[in-house]
Amino acid sequence: MASLLPHEIVRAILQHTDLRALFIAARVCRVWRDAAASTRDGWRLLLERPVQSSCMLRFPCALALCAGHILAAEERRLHLIDVGQPSRPFEPVDHLICSSCVLARPLPLSRGATGPSGLAVDDGAILVTDGGLDKLYKYRIDPNQSLLGLGRPVCEAGGFGAAEGLLISPGDIALSGDELGFIFVAEGHGVTAFRTAERDGAIAFSHKWGRHGRAHGEFRQVGGLASCGGDLFACDVRNHRIQCFVGASGKFQYAFGGKGEKPGEFRRPSAIASVRGCLVVAEMTGRRLQVLSLLGSPLQIISVRHVHTARPASLACFCVDAERGIVYA
């Protein structure tokens, strides 16, 4: 440390032995260090400033397919991204960094909202969860104006609390995709199911389940959700496993995984999707995608690396084009 400081400051520290002088010297050292760090970081930004792009995303928290494009949510914005044509043939499952941005616009959220934390597209509507206000919003897409006609939410549900119909830090959204029309919302340590009313399209509470713990049916942070054939698969992030429930009732069926790096094991599974009768799971700490059967048997492992540095990259979210068998992350 002494080699990094001016000789005058080092001499002052050594000559003063009382606590007051030592405290003042420490404050001077901290100011000098912070000033040097600021100067260094400023030069680094000037020399390594990236090329700005209209489709540049900082911290996307949710992705969804919408009318042949990718809808990306970050902070208070929705980005509609055109992925274009792939430059090379894709394997059955692959990942792609997207191309040009068609639209980037602020979300019309309520005051105090922190922005989207979950995203889903269903039958001409966009569903968005807000982790700050603990609410689920429904926006209607105008078929004549696409997302340019996205105004205030047509309805909302939730609010902070553990009672029926309330939410605590809502995150990912999964749709049952059947005639029951369930909307599953991940919370801190549980899952809440809503249904859409047939008459006015409002969101009504149905049921909820889960609590904090390690036993079956309990969670230590719920991550991504995926619905397949009436079953709901949920990422139990800090228990490093995937749990399967009956979507219509929340009844626990089975779980698979466990902490590890072997195929079929996980290190903080963060997102999940069902495609072609399989499950695709992203690991935040494991930095990979795993393709598994519905019972958890490993089928394929895909290492995720940054497109520019080729270093292992963490995945917080992804979406799947089931028709083309492509994972966008």
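Scroll up a little and you will see the structure.
What this report covers is the structure whose coordinates are included nearby. Source: prediction; values computed, not measured. (Residues numbered from 1 in each chain as written. Predicted model: local features only at pLDDT ≥ 70, side-chain atom pairs only at ≥ 80, totals over all residues. Heavy atoms only, no water.)

**Observations concerning unusual backbone geometry**
A positive phi angle, near 50°, is found at Ser169, a position not held by glycine. Mapping Ser169 onto the fold places it in the loop between strand S9 (155-158) and strand S10 (173-175). Phi at Gln221 is positive, roughly 80°, even though this residue is not glycine. Tracing the backbone shows Gln221 in the loop between strand S13 (203-209) and strand S14 (222-228). Taking the relative accessible area as the measure of exposure, Gln221 reaches 36% and is therefore partly exposed. (Helix = DSSP H or I, 4+ residues; strand = E, 2+ residues; numbered from the N terminus. Buried < 20%, exposed > 50% of the residue type's maximum accessible area, 1.4 Å probe, protein only.)

**Digging into the environment of Gly188**
Position of Gly188 among the secondary structure elements: in the loop between strand S11 (182-186) and strand S12 (191-196). Here Gly188 falls in the partly exposed class, since its relative accessible area comes to 22%. Residues Gly188 and Leu167 lie 21 residues apart in sequence; the distance between their C-alpha atoms is 8.8 Å. Excluding residues that lie within four positions of it along the chain, Gly188 makes contacts with Ile168, Ser169, Gln221 and Val222. (Contact = heavy atoms within 4.5 Å.)

**Observations regarding the pattern of salt bridges**
With the rule as written, the count across this model stands at 6 salt bridges. Residues Arg241 and Asp236 are paired through a salt bridge, measuring 2.8 Å at the closest nitrogen-oxygen approach. Since its relative accessible area comes to 10%, Arg241 is described here as buried. In this structure, Arg288 and Glu283 form a salt bridge, with 2.5 Å as the shortest nitrogen-oxygen distance. Side by side, Arg288 and Glu283 carry an identical accessibility label, which is buried. (Salt bridge = Lys/Arg side-chain N within 4 Å of Asp/Glu carboxyl O.)

**Examining the packing of aromatic side chains**
Going through the model one piece at a time under the given rule, you end up with 10 aromatic pairs. With a centroid separation of 6.4 Å and an interplanar angle of 70°, the aromatic rings of Phe184 and Trp209 are classed as edge-to-face. One end of the pair, Phe184, is in strand S11; the other, Trp209, is in strand S13, and 25 residues separate them in sequence. Neither residue differs from the other here; Phe184 and Trp209 are each classed as buried. A centroid spacing of 5.7 Å and a plane angle of 40° characterise the contact between Phe219 and Phe245, whose relative ring orientation is tilted. Note that Phe219 is positioned in the loop between S13 and S14 and Phe245 in strand S16 (residues 241-246), a separation of 26 residues in sequence. Among the aromatic residues, those joined into a ring-pair cluster are Phe182, Phe184, Trp209, Phe219, Phe245 and Phe252. Above the ring of Phe182, the side-chain terminus of Arg195 is found at 5.0 Å from the ring centroid. (Phe/Tyr/Trp six-rings, centres within 6.5 Å; stacked < 30°, edge-to-face > 60°. Lys NZ or Arg CZ within 6 Å of the ring centre and 35° of its normal.)

**Some words on the sheet that holds S13**
Taken in spatial order, the 4 strands make up an open sheet running S10-S11-S12-S13, and their pairing is antiparallel. On the outer flanks of this sheet lie S10 and S13, each paired with one strand and no other. Across the sheet, the mean angle separating the axes of adjacent strands is 25° when strand polarity is ignored. Pairing of S12 with S13, which is carried by 6 bridges, proceeds in the antiparallel orientation. Residue pairing for S13: Thr196 is matched across the bridge by Ile203. (Pairing = 2+ DSSP bridges. Axes fitted to C-alpha atoms, helices over the stretch in contact; angles between N-to-C directions.)

**Concerning the side chain of Asp236**
Locating Asp236 in the fold gives a position in strand S15 (residues 231-236). Here Gln243 takes part through its side chain, which lies 3.2 Å from a polar atom of the side chain of Asp236. Every residue in contact with Asp236, bar those within four places of it in the chain, is listed here: Glu218, Phe219, Arg220, Gln221, Arg241, Gln243 and Pro269. (Polar contact = N/O pair within 3.5 Å; in protein donor to acceptor, adjacent residues only side chain to side chain.)

**Digging into the pairing of S11**
The element S11 is largely enclosed, with a buried count of 5 among its 5 residues. Covered by surrounding structure in S11 are Phe182, Phe184 and Ala186 together with Ile183 and Val185, the residues of both alternating faces. The hairpin turn running from S10 into S11, its antiparallel successor, is 6 residues long, and Gly177 in that turn takes a positive phi close to 70°. Pairing of S11 with S12 involves 5 bridges; the strand directions are antiparallel. Each bridged residue has a counterpart across the sheet, and for Phe182 the counterpart in S12 is Arg195.

**What about the sheet that holds S14?**
In any sheet, the strands associate via hydrogen bonds between backbone groups, in a parallel or an antiparallel arrangement. One open sheet accounts for 4 strands, arranged S14-S15-S16-S17; its pairing is antiparallel. Edge positions in the sheet fall to S14 and strand S17 (252-257), since each has one partner strand and no second. Averaged over all pairs of adjacent strands, the angle between their axes in this sheet comes to 20°, without regard to strand direction. In this sheet, S15 lies alongside S14 in antiparallel orientation, the contact comprising 5 bridges. The partner of Leu225 across the bridge, within S15, is Ala234.

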